[in-house]
Amino acid sequence: MHSLAPGAIVRREYWGGLGVLINQGEFELDDKTTSLLRALKHTNNPAQIAQILQAIHDVRVTPADVDRLLDEATRSGFVVKDGAPRQCNVAEVTRQFVDEIADVRDLTFLSAPLNVSIYPGMKCNLSCQFCFVSQEKWDDDNIAYPLEQWIPVLDQIKAMEIPYLTILGGEPLLYPEIWPMLDYLDQIGQKTHITTNGTVVSDRVISELKRHPNITLKVSIQSLDDRHSLLTKGNLHKTLRFIESARSAGIDLGIHTVGLPDTVDQVYPLADYAASHGLNEFSMGVFFNINQVELDEFSLEEYRAMQQRTKEYITEKYGASLGYRLEGCQIWTAEPTIKWEWVPTTPFGILRSGCEAAQARLEIMNDGTLLGCSCSISIRLGAATSSRNPSSICGEPPNHFRNCVSSRLRITPVPNAATSSFVMAGAPH
Ligand SMILES: C[S@@+](CC[C@H](N)C(=O)[O-])C[C@H]1O[C@@H](n2cnc3c(N)ncnc32)[C@H](O)[C@@H]1O
Ligand code: SF4
């Protein structure tokens, strides 16, 4: 029998639907394909699916048509052939689909963000000179809501079918309830990523991480020499020990570096280190000098050139065995260079190609502040605005989160090229 592939996300959107296969891509779906795939969550009985499609879309489809379409869908990766027969209450699912369609029909923006980063606590044991967390904005490290108050937010992230959730901070491994939070995310089946400074290292941390194979992990590192410690006030050897202990325990992880002129000569050595330690990805982030610190910066053109060189270096030397990406939204990186043939023409293509940071992404700070992107308070770029709304974190009223998200996602389509995801050092993969 057919079923939806594990981890596949199929969301209703105003043009039809959005399908996400993590690590394999994002797909625009028409409304009938969306209903066909969403029906699989409830039933894999072709006759029942045919009834639902006929009722919703006023089309004539037979159970044999459904079977054929589902076979076709197995080639797309969204459908797998296994599992026992399942049946649903057709009238109930039909009603649910009618409501879903009514909910998104009049939108002109995504039904929910693609990426959400949460910052459950801002406490940190390092003091990186380049850190974008600023005193004036979100540095209240006394605020760390208990997991109980985050649960309604996590539930909404899951219910809204947000594919990419990232836990940041501060240092996320210092959030007092990080392990119960990861347990909860596992329990609800939410793909999650953590970016850590790799200095909270102990046998317990490694064994807890090992217990969560569904969580992807990235460690931030600036250089393989003294400059790492100078820039972060941390201890390079601790971070390397973290990476190596995690690898010895069989944990899959990647490394991330902020692209600074002071450590740019370390980009290739870091990529080599990642490859030689069997890490899954090396990424470099554009430096947002939000706190206006005295550090040299690159221009957008320089980032673009560096990106090109690093990509070539990694591809030539390591092929597909080491993933690489430059992280930073379109506005910040101006990468890739816009070419006519890349200008999208379909609804999701257009949405995705606007400033992804502001349109498709949401950050939830430790005090409940919702941001379109982490740069949005100090640098007000177009749609990127901020809204302080602690009640959304406290879970009342439950729909608040949805409303805030929606108002932030209204867009003015800008014809430009698609960017790689902007997630501040990582997203689930
Ligand atoms: C704010 S940190 C939080 C997680 C953890 N404390 C860490 O450092 O990995 C998330 C990521 O943002 C990066 N980062 C910090 N400040 C930045 C800045 N001004 N511009 C770009 N990336 C920055 C860090 O290197 C890290 O990879
Ligand atoms: S470790 Fe992360 S949160 Fe802490 S100061 Fe450095 S970049 Fe900022």
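Above this text you will find the structure in question.
Below is a short write-up of the structure. What you see is a predicted model; the values in this text were computed from it and never measured.

Each value, and the rule that gives it
Residues numbered from 1 in each chain as written. Chains lettered and ligands numbered in written order. Predicted model: local features only at pLDDT ≥ 70, side-chain atom pairs only at ≥ 80, totals over all residues. Pairing = 2+ DSSP bridges. Helix = DSSP H or I, 4+ residues; strand = E, 2+ residues; numbered from the N terminus. Axes fitted to C-alpha atoms, helices over the stretch in contact; angles between N-to-C directions. Contact = placed C-beta atoms within 7 Å. Parallel < 35°, antiparallel > 145°, perpendicular 65-115°, else oblique. Nonpolar A, V, L, I, M, F, W, Y, C, P; charged D, E, K, R; others polar. Expected span 1.5 Å × (residues − 1). Buried ≥ 20, exposed ≤ 12 C-beta atoms within 10 Å, placed from the backbone. Arc of directions from axis to C-beta. Right-handed = clockwise from strand over helix to strand, strands pointing away. Left-handed = near helix turned anticlockwise from the far one by under 90°.

## Thoughts on the sheet that holds strand β2 (residues 9–13)
Phase 1: The strand order across the open sheet formed by three strands is β2-β3-β4, and the pairing between neighbours is antiparallel. Since the sheet does not close on itself, it has two edges, and those belong to β2 and β4 (25–29), each with one partner. This sheet shows a mean twist of 20 degrees between the axes of neighbouring strands, independent of strand direction.
Phase 2: Pairing between strand β3 (residues 16–21) and β4: five bridges, direction antiparallel. What sits directly across from Leu21, in β4, is Gly25.
Phase 3: Of the strands in this sheet, β2, β3 and β4 are in contact with helix α1 (residues 31–39), which crosses β3 at around 55 degrees.

## Description of the packing of helix α2 (residues 46–57) against helix α3 (residues 63–76)
Phase 1: Interaxial distance between α2 and α3 falls to 8 Å at its minimum, and their mutual angle equals 100 degrees. Between α2 and α3, the angle is such that the two are roughly perpendicular. From α2, Pro46, Ala47, Ile49 and Ala50 reach across to α3, where they touch Pro63, Asp65, Val66 and Asp67.
Phase 2: Of the residues belonging to the contact of α2 with α3, the class tally is six nonpolar, no polar and two charged.

## Overview of helix α10 (residues 236–248)
Phase 1: In a regular helix each residue adds 1.5 Å, so 13 residues correspond to 18 Å; α10 covers 18 Å between its end C-alpha atoms and thus fits that length.
Phase 2: Among the residues of α10, those classed as buried are Leu236, Thr239, Phe242, Ile243 and Ala246. One side of α10 carries all its buried residues, which in axial view fall inside an arc of 125 degrees. Looking at α10, the residues exposed on the side facing more than 90 degrees away from the buried face are His237, Glu244 and Ser248.
Phase 3: Buried positions along α10 lie against α8 (203–210), β9 (215–220) and α9 (226–232).
Phase 4: Looking one or two residues past α10, Gly250 carries a phi angle of roughly 85 degrees, positive in sign.

## Observations regarding the environment of Pro180
Phase 1: Counting through the fold element by element, Pro180 comes out in helix α7 (residues 178–188).
Phase 2: The exposure class assigned to Pro180 is partly exposed, which follows from the 13 C-beta atoms found within 10 Å.

## What to know about the pairing of β9
Phase 1: Counting buried positions along β9 gives six out of six residues, so the element sits mostly inside the fold.
Phase 2: Every second residue of β9 is oriented toward a common face, with Ile215, Leu217 and Val219 on one face and Thr216, Lys218 and Ser220 on the other, all of them buried.
Phase 3: When strand β8 (residues 192–196) meets β9, the two strands line up parallel, connected through five bridges. Residue Thr196 lies in a different strand from β9, and its bridge partner there is Val219.
Phase 4: What joins β8 to β9 is α8, and the crossover it makes is right-handed.
Phase 5: Here β9 runs beside strand β10 (residues 254–259); their pairing, made up of three bridges, is parallel. Among the inter-strand pairings, Ser220 is bridged to a residue of β10, identified as His256.

## Digging into the environment of Glu327
Phase 1: Mapping Glu327 onto the fold places it in strand β12 (residues 323–327).
Phase 2: Note on Glu327: 22 C-beta atoms within 10 Å, which makes it buried.
Phase 3: Glu327 sits 70 residues away from Thr257 along the chain, and the two C-alpha atoms are 9.9 Å apart.

## Comments concerning the packing of helix α6 (residues 147–159) against α7
Phase 1: Taken N-terminus to C-terminus, the directions of α6 and α7 make an angle of 30 degrees; their axes are 11 Å apart at the nearest point. What the angle tells us is that α6 and α7 run roughly parallel. When the axes of α6 and α7 are compared, the crossing they make is right-handed. Contacts from Leu147, Trp150, Ile151, Leu154, Asp155 and Lys158 of α6 reach α7 at Pro180, Met181, Tyr184, Leu185 and Ile188.
Phase 2: Broken down by class, the residue content of the contact of α6 with α7 amounts to nine nonpolar, no polar and two charged.

## Regarding the environment of Leu174
Phase 1: Among the structural elements, Leu174 can be located in the loop between β7 (164–167) and α7.
Phase 2: Judged by the 20 C-beta atoms lying within 10 Å of it, Leu174 falls in the buried class.
Phase 3: Along the primary structure Leu174 and Val200 are separated by 26 residues, whereas in three dimensions their C-alpha atoms are 7.6 Å apart.
Phase 4: Not counting residues up to four positions away in its chain, the partners in contact with Leu174 are Gly121, Lys123, Cys124, Asn125, Gly169 and Val200.

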